[in-house]
Amino acid sequence: MGTDTYSRTREYYLSVFHMALLLFFGKQAFAQIRYSIPEEVKDGTVVGNVAKDLGLDITSLTDRRFRVVTGFKETFLEVNQNNGALYVHKNIDREELCQGRGACLMELKILVENPLEIHYVAIEITDVNDHSPSFPEKQQTFEIAEHTLPGKRFQLHTARDPDAGINSIRTYTLTSNDHFEIDIRQSDEEKIPFLVLKKPLDREKKNKQMLLVRAVDGGKPPRTGTLNVSIIVLDSNDNRPIFSQDVYQIEIQENVAVGTSVFQINATDPDEGTNGEIEYILGKTLKKKVYDIFELDTLTGEIRVKGVVDYEENDVYKLDIEASDKGTPPLTGECRVIVKIKDVNDNLPEIEVTSLSNTVSEDSKPGTVISLLSVTDKDSSLNGKIILSITSEVPFELKPSYKENTYSVVTKRFLDREEVSQYEITIKATDCGEPPLATFKTLSVQISDVNDNTPKFSQNPLQFYISENNVAGKSIFSVSATDRDLGDNAAISYYIMREGNQNDMTSFLNINPSNGHITEQKSFDFETMKTFQFHIVASDSGTPSLSSNVTVNVFILDQNDNAPVILYPVSSNGSAEGVEEIPRNVNAGHLVTKVRAYDADIGYNGWLLFSLQEVTDHSLFGLDRYTGQIRTLRSFTETDEAEHKLVILVKDNGNISLSATATVIVKLVEPKEAFAASDVKSSAKADEDNNVTLYLMITLGSVSALFLISIIVLIAMQCSKSTDYTSKYLQETNYDGTLCHSIQYRSGDKRYMLVGPRMSIGSTIVPGSHANTLVLPDRRRTSEEVRA
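Remember, it's a predicted structure, so these values are computed and weren't measured experimentally.

1. Here we look at the overall build of the protein chain
For the protein chain, the count of helices and strands is seven helices and 55 strands. Burial statistics for the protein chain: of 788 residues in total, 44% are counted as buried. In the protein chain, once contacts between residues fewer than 6 apart in sequence are set aside, the share between residues at least 24 apart is 66%.

2. Observations regarding unusual backbone geometry
In this structure, P221 follows K220 across a cis peptide bond, with omega equal to -5°. Following N460, the chain continues to P461 via a peptide bond in cis, the omega torsion being 5°. With respect to the helices, strands and loops of the structure, P461 is situated in the loop between β32 (456-457) and β33 (462-467). Backbone geometry at N255 places phi at a positive 65°, although glycine is not the residue there. The residue N255 is located in the loop between β16 (247-253) and β17 (261-264) in this model. By relative accessible area, N255 is classed as partly exposed at 42%. The phi torsion at S381 lies on the positive side, around 55°, for a residue other than glycine.

3. Quick notes on the environment of S458
Secondary-structure assignment places S458 in the loop between β32 and β33. Using a relative accessible area of 73% as the deciding quantity, one classes S458 as exposed. Through-space distance from the C-alpha of S458 to that of V550 is 9.7 Å; in sequence the pair is 92 residues apart.

4. What about the sheet that holds strand β13 (residues 208-217)?
The mixed open sheet is built from four strands, whose spatial order is β8-β14-β13-β10. Since the sheet does not close on itself, it has two edges, and those belong to β8 (139-145) and β10 (169-174), each with one partner. The average undirected angle you get between the axes of adjacent strands in this sheet is 25°. Bridge count between β8 and strand β14 (residues 224-234): seven bridges; the pairing is parallel.

5. Here we look at the side chain of T439
You can see T439 is positioned in strand β31 (residues 438-448). Using a relative accessible area of 16% as the deciding quantity, one classes T439 as buried. Polar contacts involving the side chain of T439 include one to the main-chain carbonyl oxygen of P349, which spans 2.5 Å. What T439 contacts, discounting residues up to four positions off in sequence, is L348, P349, I351, I427, K428 and A429.

6. Comments concerning the sheet that holds strand β43 (residues 591-594)
Taken in spatial order, the three strands of this open sheet run β43-β47-β46, and their pairing is antiparallel. The strands lining the two open edges of the sheet, one partner per strand, are β43 and β46 (621-623). In this sheet, neighbouring strand axes are inclined to one another by 20° on average, regardless of whether the strands run parallel or antiparallel. Examined bridge by bridge, β46 and strand β47 (residues 629-632) share three bridges and lie antiparallel to one another. In the strand pairing of β47, G622 is matched with R631.

7. Let's talk about the environment of K208
Within the fold, K208 resides in strand β13. In this structure, the C-alpha to C-alpha distance between K208 and E143, residues 65 residues apart in sequence, is 9.1 Å. Every residue in contact with K208, bar those within four places of it in the chain, is listed here: S230 and I231.

8. Notes on the packing of aromatic side chains
Each pair of aromatic rings is reported with the distance of its centres and the angle of its planes. This structure, assessed with the given rule, holds 13 aromatic pairs. A ring pair is formed by Y248 and F263, whose centres lie 5.5 Å apart and whose planes are at 55°; its orientation type is tilted. Of this pair, Y248 sits in strand β16 while F263 sits in strand β17, and the two are 15 residues apart along the sequence. A relative accessible area of 21% means that F263 is categorised as partly exposed. Relative to F555, the ring of Y465 has its centre 5.2 Å away and its plane inclined at 20°; by these criteria the two rings are stacked. With Y465 in strand β33 and F555 in strand β40 (residues 547-557), this residue pair connects regions lying 90 residues apart in the sequence. Using a relative accessible area of 2% as the deciding quantity, one classes F555 as buried. Over the ring of F508 we find K522, and its NZ or CZ is 4.3 Å from the ring centre.

9. Structural notes on the pattern of salt bridges
Under the counting rule described, the total for this entry stands at 18 salt bridges. The salt bridge partner of K399 is E397, with a shortest N-O separation of 3.9 Å. Judged by relative accessible area, which is 40%, K399 ranks as partly exposed. Owing to a relative accessible area of 29%, E397 belongs among the partly exposed residues under this scheme. One salt bridge in this structure joins R417 and E418, with 3.0 Å as the shortest N-O distance. Assigned by exposure class, R417 and E418 land together as buried. Beyond isolated ion pairs, a larger network of salt bridges with shared partners links E295, D297, E302 and R304.

10. Describing the environment of A122
Here A122 shows up in strand β7 (residues 117-126). Considered as a pair, A122 and Q32 are 90 residues apart in the sequence and their alpha carbons are 7.2 Å apart. Ignoring sequence-local partners within four residues, the contact set of A122 consists of Q32, I33, R34, Y35, M106 and E107.

11. Looking at the confidence of the model for the protein chain
Close inspection of predicted coordinates is inappropriate in any region flagged by low pLDDT. Looking at the protein chain, the pLDDT average stands at 79 and 81% of residues meet or exceed 70. Here residues 10-30 scores under 50 on pLDDT; set against residues more than four positions off or in separate chains, the count is 19 contacts. Within the model, the stretch residues 675-686 combines pLDDT values under 50 with three contacts to residues more than four positions away or in other chains.

12. Quick notes on the pairing of strand β49 (residues 659-669)
Among the 11 residues in β49, eight count as buried, and that is most of the element. Summarising the sheet, strand β42 (residues 577-583) and β49 pair through seven bridges and their orientation is parallel. Its bridge partner being in β49, V579 is matched across the sheet by I665. As paired strands, strand β48 (residues 643-651) and β49 are joined by nine bridges and run antiparallel to one another. Its bridge partner being in β49, H644 is matched across the sheet by V666.

13. Remarks on the side chain of T411
Along the chain, T411 turns up in strand β29 (residues 406-411). A residue is classified by how much of its surface remains accessible, and T411, at 1% relative accessible area, is buried. Once residues within four sequence positions are removed from consideration, T411 is found in contact with K365, P366, G367, T368, I370, P395 and F396.

Here is what the cut-offs are and how they apply
Residues numbered from 1 in each chain as written. Predicted model: local features only at pLDDT ≥ 70, side-chain atom pairs only at ≥ 80, totals over all residues. Heavy atoms only, no water. Helix = DSSP H or I, 4+ residues; strand = E, 2+ residues; numbered from the N terminus. Buried < 20%, exposed > 50% of the residue type's maximum accessible area, 1.4 Å probe, protein only. Contact = heavy atoms within 4.5 Å. Pairing = 2+ DSSP bridges. Axes fitted to C-alpha atoms, helices over the stretch in contact; angles between N-to-C directions. Polar contact = N/O pair within 3.5 Å; in protein donor to acceptor, adjacent residues only side chain to side chain. Phe/Tyr/Trp six-rings, centres within 6.5 Å; stacked < 30°, edge-to-face > 60°. Lys NZ or Arg CZ within 6 Å of the ring centre and 35° of its normal. Salt bridge = Lys/Arg side-chain N within 4 Å of Asp/Glu carboxyl O. pLDDT = per-residue confidence, 0-100.

Below, the structure written as structure tokens:
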């Protein structure tokens, strides 16, 4: 069976099979429509309305796009995007498209987008009788011996007509003569004309005849082609070469090496001498490809491979061979050698990406189509059977279509851009040949972001330590959150949650929404507030926006910003000055008076030390450095002056020490005078002592009230916070008369103390605490108190 016959037969059965499927399943199941057009149709001619014939809504075509995806090497049809009409945009040459086959069918893929659909359109191109039959040569000459018997057949050149069906060659005619007639032999799909001798020739009467052969097609009107045949009458060689059979069939593999001998023919001639010597030649009417692939040894009849044998190009070749003797005139015999090509797995599968969405949202549902693929293999049988698979570990899978060798790539689970932002999908197509051949195709798919991650703070809650007396309006600290999303979904803005009451510290705080820097609109005063808490919210710019909040605990650190205040002695005009009278006969160690002072700071900043800045006699009076008590160092003598002035310096223990001074005038009186003076002044002294006591009580009451308020606030904060961040403030109980104090608090597994005049052994100063914060050992350990 010839190549053209095989192709037409296959096309015929495929068309019948498609029609059967269409009739059985209906239009919706097979999704295919069919049109028929003549080959001479003009440009712009509408073949049919694809949108209407597919049952699409014509009123919504502005949202859909049609595209002719596949066809022959280049398609001559286009789809109008406005109305869905399928029209001709290029001249059609049926003979070029279908190579003269009987039925010229063309299958197109119509890709419809929004949503994605694929439909199949079968186009039948009907033939028009636009070609006349033609012979390969205008002239053919035969030399015929005069004693040739009637019935002798001479093969004429076969005419070719590119048209098909009824428009192809129907018959051959011969001009009227006495000796010859036309005989037509049907061979596969073609008609081979033979010139048949019906009456013996007589060279002596006529040695040459001119005949005209016409090839007529079946068109209306019919077209013809002519061949001039010259008959030369020779004498005497009356036996022609004879083959053992008219048709030989052999089979060879494709890709056989050039020069390989595939067959050897042999003809016999009973004549002797030159009339029996045979030469072999290939027929002159074969297709040109035959001469390119095979060669024939004229002497031996051996057929050898001359060019590349490719099954995919042609699976069968027909060689017409003539055996001619060397008689005068020479006689010939004919045979046909049919060479069938056996397929070898020598073609890689081909993967065609007909559609690809290279960006997929990470919230796409499983089963979302991202690509359409089709695979082909030029080999046949098992060599052309393809297995498609995904070789890479990706969350995608292949789904076969109802049409063979068509697949879609779909998601098989939910995607997460934060884990993987891009996938390289490697697709492998393997045929079933031996050995199998494989082709790889890589699809690159980007995962687009969805706002599915909330901003995160590094820890919650956050703790900050700030010194008092900060500069208002400047940044005191900053917070930062991170978001795993991209772009606007990761663009974070910050704001403070405000309660709205008058005591809410957040009313004095501002936050930069873009970078989280926090500024305070007023200066902190440790003596007024020691700690406060607020909440910050971080929101991204996604749609919808996601947010999270963090608790911020702020601890105020004390600075030495308060000078000591003298509580005693205080004169009537408010100055720190007093007069003390003592008997001259007192012994050493007698308590003259006690200087009392107070510092609003705490820890080292509130730890007061007393020293004699000025004294008339250093041998008479001594001052306790820590309590402020003034005592006599020895007994008085007659030579000692009666009045002594003591200037006492009271200073705190801050880095930059602040101080105050008090002046005490000590008068020595005789014992009787002292007693009398005490009686006289008792009432005035009582008033003065009452005033001093009142001032002391007011001061102590204010300090106690402030301390109690701080304790209440800290207890409330402790109840609302975790154990790790609870701070406990405790009043130092070791008060020895000087109004200074200390505060302890706990954070995590450490206990801190803002120290007063006494501290525990083993205490250490915390760096950055302005020298007034100590880290205390665990309370379970025994500690002893010493003077600092």
